[in-house]
Amino acid sequence: MAIKIRKLEKKDKAALTEILQNTPEFNAGEVIIAEEVIDGSLDNTNKSGYYSLAAENEEEVFIGFISYGPVPMTQYAWDIYWLSVKREFQGHGTGAALLKAAEEKIAQAGGRMAFIETSGKAQYDKTRRFYVNNDYKEICNIPDFYAPGDAKIIYQKILG
Ligand SMILES: CC(C)(COP(=O)(O)OP(=O)(O)OC[C@H]1O[C@@H](n2cnc3c(N)ncnc32)[C@H](O)[C@@H]1OP(=O)(O)O)[C@@H](O)C(=O)NCCC(=O)NCCS
């Protein structure tokens, strides 16, 4: 599958919201927060400090996105906030292509390390494996962070 990565645009918002709402890993509260980050990145002034990229297939259909930004008060640490690929298009390299494109943009902007946080719950098994397979290293595991039995796991990748 040929995948094109480009800047996220306002015209993508409806398709993006549909992806968020149909991603079983995200609960209603997470969808609201994700939309705030995405709306911030769509404001072309860059005031929010959030950036987003879109993936589309060979028919130019929007199939996924990634949002990221510099960590305030650090010299070169960047966070990857949200990453999601439409369910029927998962497993064809789109997630990896989005991650790689974001890492390149971060490095071009002077970033030297990328961080991703996720939950330790079983429903995120596939997501955590995806990060490890894309060279992210688990550097922190905080038990019961999100809720009893739901740890926060932090992954890091040194860029360049
Ligand atoms: C995590 C997520 C973004 C990955 O996206 P994806 O497009 O499926 O990712 P890829 O296709 O690059 O990789 C997924 C798997 O497909 C495999 N794959 C990659 N290219 C492939 C191809 N051409 N053919 C077959 N399999 C392929 C990869 O090896 C990978 O295997 P793994 O799960 O054992 O690591 C996606 O599963 C998703 O949206 N999940 C729900 C939301 C979520 O958890 N987001 C992250 C938290 S914000």
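Sequence order as written defines the numbering, with residues in each chain counted from 1. Totals for whole chains, interfaces and linings use all residues, but because this is a predicted model, local features are given only for residues with pLDDT of at least 70 and pairs of side-chain atoms are given and counted only at 80 or more. Side-chain figures throughout are based on the complete set of non-hydrogen atoms in the structure, without hydrogens or water.

Participant: Can you lay out the pairing of strand β6 (residues 137-147) for me, pointing to particular residues and giving the numbers?
Facilitator: Regular strands have side chains that alternate between both faces of the sheet. Note that β6 and strand β7 (residues 150-158) share six bridges and pair antiparallel. In the strand pairing of β7, N141 is matched with I153. At least two bridges found by DSSP between two strands are what make those strands a pair. Only DSSP runs of H or I covering at least 4 residues are called helices, and only runs of E covering at least 2 are called strands; the numbering of each starts at the N terminus. Hairpin geometry of β6 and β7 is characterised by an intervening segment of two residues between the two adjacent antiparallel strands and by a positive phi of about 80° at G149.

Participant: Residues and numbers for the sheet that holds strand β4 (residues 77-85), please.
Facilitator: The strand order across the open sheet built from seven strands is β1-β2-β3-β4-β5-β7-β6, with neighbouring strands paired in mixed fashion. Lying at the two open borders of the sheet, with one neighbouring strand each, are β1 (4-7) and β6. Within the sheet, the average angular offset between the axes of one strand and its neighbour, ignoring direction, is 25°. When strand β2 (residues 51-56) meets strand β3 (residues 62-70), the two strands line up antiparallel, connected through six bridges. Every axis corresponds to a line fitted to the C-alpha atoms, with the helix fit spanning only the stretch in contact, and the corresponding angles, defined between N-to-C directions, vary from 0 to 180 degrees.

Participant: Before we move on, could you go through the layout of surface pockets and cite the residues and values that matter?
Facilitator: One number sums up the size of the largest pocket: a volume of about 1,000 Å³. The distinction between a cavity and a pocket rests on a 1 Å grid over the protein atoms alone: a 1.4 Å probe fits inside a cavity but cannot get out, while a pocket stays open yet meets protein on both sides within 12 Å along at least five of seven lines, and a residue with an atom within 4 Å of a point counts as lining. For the largest pocket, the lining is made up of 36 residues, of which F26, L83, Y124, T127 and Y131 are closest to its centre. For the lining of the largest pocket, the elements supplying multiple residues, two or more each, are β4, α3 (94-108), β5 (113-119) and α4 (125-133). Counting residues per element, the lining of the largest pocket draws most heavily on β4, which supplies seven residues. A class-by-class count of the residues in the lining of the largest pocket yields 14 nonpolar, 14 polar and eight charged. Grid points are joined across faces, edges and corners, and a volume is the space filled by probe spheres set on the points. Estimated volume of the second largest pocket: approximately 210 Å³. In terms of lining, the second largest pocket is formed by 15 residues, of which the most central are K7, N46, Y51, S52 and Y68. Under the scheme applied here, ten amino acids are nonpolar (Ala, Val, Leu, Ile, Met, Phe, Trp, Tyr, Cys and Pro), four are charged (Asp, Glu, Lys and Arg), and all others, including Gly, are polar.

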